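Here are the chains, one letter per residue:
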Amino acid sequence: MNGPALPDTPAFASASWRIALPHTAAAVPVARALVRTALAELEHAADSDTAELLTAELVANAVEHTAGNGPIELVVELVPTGCKVEVHDPDPAPPGDLTVPDPAREPDPWQEHGRGLLLIRTLSSSCGHRPTGSGKAVWFRLPVVPPQRRPA
């Protein structure tokens, strides 16, 4: 065998966090903090800055584009290959052009809004949505960042 032997089992199997957030803009910084804390717990984690940014986009979209006063839910799952973040909201309608971009609806560079789904599609390794019993879950995945590429 060339190089060092790698263990057959990962350093951790998985870990997850689930939290109900208020259906207000106050949910965004709370969600960012949870993701930052979760990723800081691990030696080999996904890029925290990207995870925070994309989580903020998902939570802000859930708050802005869904009706109701019920909470939205944030689920963060850490696995040996990276992380998956889901935001559950009460609206069953799919989130626009998350997985299949619509060229006719390119974001206007002069507008303040409209780039969140583009960021999620571009910066995540995969993303999507799925129906739930109470609405939908919108999610993204990020891979583990190799140690030599992480900032000091």
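Every chain's residues receive numbers from 1 upward, in the order its sequence appears when written. Whole-chain, interface and lining totals are the exception, using all residues; otherwise, since this is a predicted model, local features are given only for residues with pLDDT of at least 70 and side-chain atom pairs are given and counted only at 80 or more. Where side-chain values are given, they derive from all heavy atoms of the structure, hydrogens and water being excluded.

1. A look at the packing of helix α1 (residues 27-40) against helix α2 (residues 48-65)
Working step 1: Here, axes are lines fitted to C-alpha atoms. For helices the fit covers the stretch in contact, and angles between N-to-C directions go from 0 to 180 degrees. By the criteria applied, helices consist of DSSP H or I runs no shorter than four residues and strands consist of E runs no shorter than two, each listed in order from the N terminus. Interhelical geometry of α1 versus α2 gives an angle of 150 degrees and a closest axis separation of 9 Å. Between α1 and α2, the crossing angle belongs to the class labelled roughly antiparallel. Seen from above, α1 lies across α2 with right-handed handedness. Taken together, the residues of α2 that come into contact with α1 (itself represented by Ala27, Val28, Ala31, Arg32, Val35, Arg36 and Leu39) are Ser48, Ala51, Glu52, Leu53, Thr55, Ala56, Val59 and Ala60. These descriptions rest on fixed angle ranges, namely under 35 degrees for roughly parallel, over 145 for roughly antiparallel, 65 to 115 for roughly perpendicular, and the rest for oblique. When the near helix sits turned anticlockwise from the far one by under a right angle, the crossing is termed left-handed; a clockwise turn instead gives a right-handed crossing. Every residue pair with non-hydrogen atoms within 4.5 Å of one another is taken to be in contact.

2. Structural notes on the pairing of strand β3 (residues 82-89)
Working step 1: Buried residues are those whose accessible area, probed at 1.4 Å on protein chains only, stays under 20% of the maximum for their type, while exposed residues exceed 50% and partly exposed ones sit between those limits. Where burial is concerned, most of β3 is hidden: 8 out of the 8 residues are buried.
Working step 2: Paired strands, as defined in this entry, are two strands with at least two bridges between them according to DSSP. Where strand β2 (residues 72-79) folds back onto β3 in an antiparallel hairpin, the turn is made up of 2 residues.

3. Brief notes about the packing of aromatic side chains
Working step 1: Stacked, edge-to-face and tilted are the three classes for Phe, Tyr and Trp ring pairs, Trp counted by its six-membered ring, which pair at centre distances within 6.5 Å; planes under 30 degrees apart are stacked, over 60 edge-to-face, the rest tilted. All told, the structure shown has 0 aromatic pairs when counted by the stated rule.
Working step 2: Across from the ring centre of Trp139, 5.2 Å away, lies the NZ or CZ of Lys84, which sits over that ring.
Working step 3: Above the plane of the ring of Trp139 lies Arg141, whose end atom (NZ or CZ) is 4.9 Å from the centre. We call a charge positioned over a ring when the NZ of a Lys or the CZ of an Arg lies within 6 Å of the ring centre and within 35 degrees of the ring normal.

4. Observations regarding the pattern of salt bridges
Working step 1: Salt bridge, as applied in this entry: a Lys or Arg side-chain nitrogen positioned within 4 Å of an Asp or Glu carboxyl oxygen. Evaluation of the coordinates by the stated rule reveals 6 salt bridges.
Working step 2: Close ionic contact of Lys136 with Asp89 constitutes a salt bridge, the shortest N to O distance being 3.0 Å. On the criterion of sequence distance, the pair formed by Lys136 in strand β5 (residues 135-143) and Asp89 in strand β3 is long-range, its members being 47 residues apart. This pair shows no difference in class: Lys136 is buried, exactly as Asp89 is.
Working step 3: When salt bridges that share partners are traced, they join Arg32, Arg36 and Glu52 into one network.

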